[in-house]
Amino acid sequence: MYTAIVRMLVWLRRIRHCRGFGVQSPSDYRFVRYVVNERYPYYAYADLAAEMPGIGRRTRKLCELYFRLANFRKPAVVIDLLPTVPAYTRYIQAGCRRSTVRQQLPRDGSAAEMVRLPLTAECHLLFEQVVSVADENTLLILEGIYCDKQAKAFWRSVQQDERVGLTFDLYDAGIVFFDKKRYKHNYLINF
């Protein structure tokens, strides 16, 4: 009951940021409108829901976001440093069939195109490792950016980091782009 009230308050507080309102850049607007907040069912949603019936509503919402991100970015390699829910891997691979999901950073120093990072005690070290090999095509997903004070502080430090380009604050997750050719901006999105 308490979490439902908190979720409703978060949604109401972010109501001005629904479906791309306030996003001035056309490419950022398209990303918010047609990737992050896309509501139409994709071709594989029904099959994936039948394959994995036991996951909760919030987890399925994140799974579908990861599906759309993989479909948008079409990464060859996805690094999932938070392999807690096997459904995430399945949704990512359904979003881009050529994607290979790995549980550790590449040792050869090559950049990964999509990285999912946990907000744990060693997240600072992992973030530095990701940033050291990140290029303009790297997409970083941080899940649980508001779960506690340390996560909130870390998320603020990521947003302010000069190596980071665009950030999208979805409350449940943060999405980070490292493309320095684009204007640095922090978007608050009602997801």
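Being a predicted model, the structure only gives us computed values, none of them experimental. (Residues numbered from 1 in each chain as written. Predicted model: local features only at pLDDT ≥ 70, side-chain atom pairs only at ≥ 80, totals over all residues. Heavy atoms only, no water.)

Section: the overall build of the protein chain
Okay, step 1: The helix and strand inventory of the protein chain stands at seven helices and seven strands.
Okay, step 2: Listed N to C, the secondary structure of the protein chain is α-α-α-α-β-α-β-β-α-β-α-β-β-β in terms of helices and strands.
Okay, step 3: For the protein chain, the residues scored as buried account for 48% of the 191 residues in total.
Okay, step 4: Partitioning the contacts of the protein chain with sequence separation of at least 6, the portion at a separation of at least 24 is 64%.
Okay, step 5: For the protein chain, the computed accessible surface area is about 10,300 Å², with 55% contributed by carbon and sulfur atoms. (Helix = DSSP H or I, 4+ residues; strand = E, 2+ residues; numbered from the N terminus. Buried < 20%, exposed > 50% of the residue type's maximum accessible area, 1.4 Å probe, protein only. Contact = heavy atoms within 4.5 Å. Areas by Shrake-Rupley, 256 points an atom, 1.4 Å probe, with all protein chains shown as cover.)

Description of the sheet that holds strand E7 (residues 185-188)
Okay, step 1: In spatial order, the strands read E2-E1-E3-E4-E6-E5-E7; together these seven strands make up an open sheet with mixed pairing. A single partner strand is all that each edge strand has here, and the edge strands are strand E2 (100-102) and E7. Taken over all neighbouring pairs, the strand axes of this sheet differ in orientation by 15° on average, direction set aside.
Okay, step 2: As paired elements, strand E5 (residues 166-169) and E7 share four bridges and run parallel to each other. Its bridge partner lying in E7, Phe 168 is registered against Tyr 187.
Okay, step 3: Of the strands in this sheet, strand E1 (77-80), E2, strand E3 (114-117) and strand E4 (139-143) are in contact with helix H5 (residues 86-95), which crosses E2 at around 150°.
Okay, step 4: Across the sheet, helix H6 (residues 123-133) lies against E3 and E4, angled at about 170° from E3, the strand it touches most. (Pairing = 2+ DSSP bridges. Axes fitted to C-alpha atoms, helices over the stretch in contact; angles between N-to-C directions.)

Comments concerning the packing of helix H4 (residues 57-73) against H5
Okay, step 1: Two elements in contact, H4 and H5, have axes whose closest approach is 7 Å; the angle formed by their N-to-C orientations is 30°. In this view, H4 runs roughly parallel relative to H5, as classed from their interaxial angle. Classified by chirality, the crossing of H5 by H4 is right-handed. Counting all contacts with H4, which are made through Thr 59, Arg 60, Leu 62, Cys 63, Glu 64, Tyr 66, Phe 67, Ala 70 and Asn 71, the residues of H5 involved are Ala 87, Tyr 88, Tyr 91, Ile 92, Ala 94 and Gly 95.
Okay, step 2: Residues belonging to the contact of H4 with H5 are distributed by class as follows: ten nonpolar, three polar and two charged. (Parallel < 35°, antiparallel > 145°, perpendicular 65-115°, else oblique. Left-handed = near helix turned anticlockwise from the far one by under 90°. Nonpolar A, V, L, I, M, F, W, Y, C, P; charged D, E, K, R; others polar.)

Examining helix H2 (residues 26-36)
Okay, step 1: The set of residues buried in H2 consists of Asp 28, Phe 31, Val 32, Val 35 and Val 36. Down the axis of H2, the sector holding all buried residues measures 110°, keeping them to one side.
Okay, step 2: In this structure, the buried side of H2 is in contact with H4, E5, strand E6 (173-177) and E7. (Arc of directions from axis to C-beta.)

Some details on helix H7 (residues 149-160)
Okay, step 1: Here H7 spans 17 Å end to end across twelve residues, near enough to the 16 Å set by a 1.5 Å rise per residue.
Okay, step 2: Listed as buried for H7 are Ala 151, Phe 154, Trp 155, Val 158 and Gln 159. On an axial view of H7, the arc spanned by its buried residues comes to 140°, and they lie on one face. Along H7, the residues that are exposed and aim more than 90 degrees away from the buried face are Lys 149, Gln 150 and Gln 160.
Okay, step 3: Of the surrounding secondary structure, the elements contacted by the buried residues of H7 are H6, E4, E5, E6 and E7.
Okay, step 4: By the N-cap criterion, in which a side-chain oxygen at the helix start approaches the backbone nitrogen of a residue two or three places on, H7 is capped by Asp 148, the distance to Gln 150 being 3.3 Å. (Expected span 1.5 Å × (residues − 1). Polar contact = N/O pair within 3.5 Å; in protein donor to acceptor, adjacent residues only side chain to side chain.)

Regarding the packing of H2 against H4
Okay, step 1: Contact pair H2 / H4: the axes reach a minimum separation of 10 Å and the direction vectors enclose 125°. When the interaxial angle is binned, H2 and H4 end up oblique. Where H2 abuts H4, its residues Phe 31, Val 35 and Val 36 lie against Leu 65, Arg 68, Leu 69 and Phe 72.
Okay, step 2: Grouping the constituent residues of the contact of H2 with H4 by class yields six nonpolar, no polar and one charged.

Re the pattern of salt bridges
Okay, step 1: Enumeration over the complete set of coordinates arrives at seven salt bridges.
Okay, step 2: The closest approach of N and O atoms between Glu 51 and Arg 90, which form a salt bridge, is 2.8 Å. Here the residue Glu 51 occupies a position in helix H3 (residues 45-51), and Arg 90 occupies one in helix H5, the gap between them amounting to 39 residues.
Okay, step 3: Among the residues examined, Arg 90 registers a relative accessible area of 29% and is labelled partly exposed.
Okay, step 4: Taking the shortest distance from any N to any O, the salt bridge between Asp 161 and Arg 163 comes out at 2.7 Å.
Okay, step 5: Given a relative accessible area of 12%, Asp 161 falls into the buried group.
Okay, step 6: On the accessibility criterion, Arg 163 (30% relative accessible area) is partly exposed. (Salt bridge = Lys/Arg side-chain N within 4 Å of Asp/Glu carboxyl O.)

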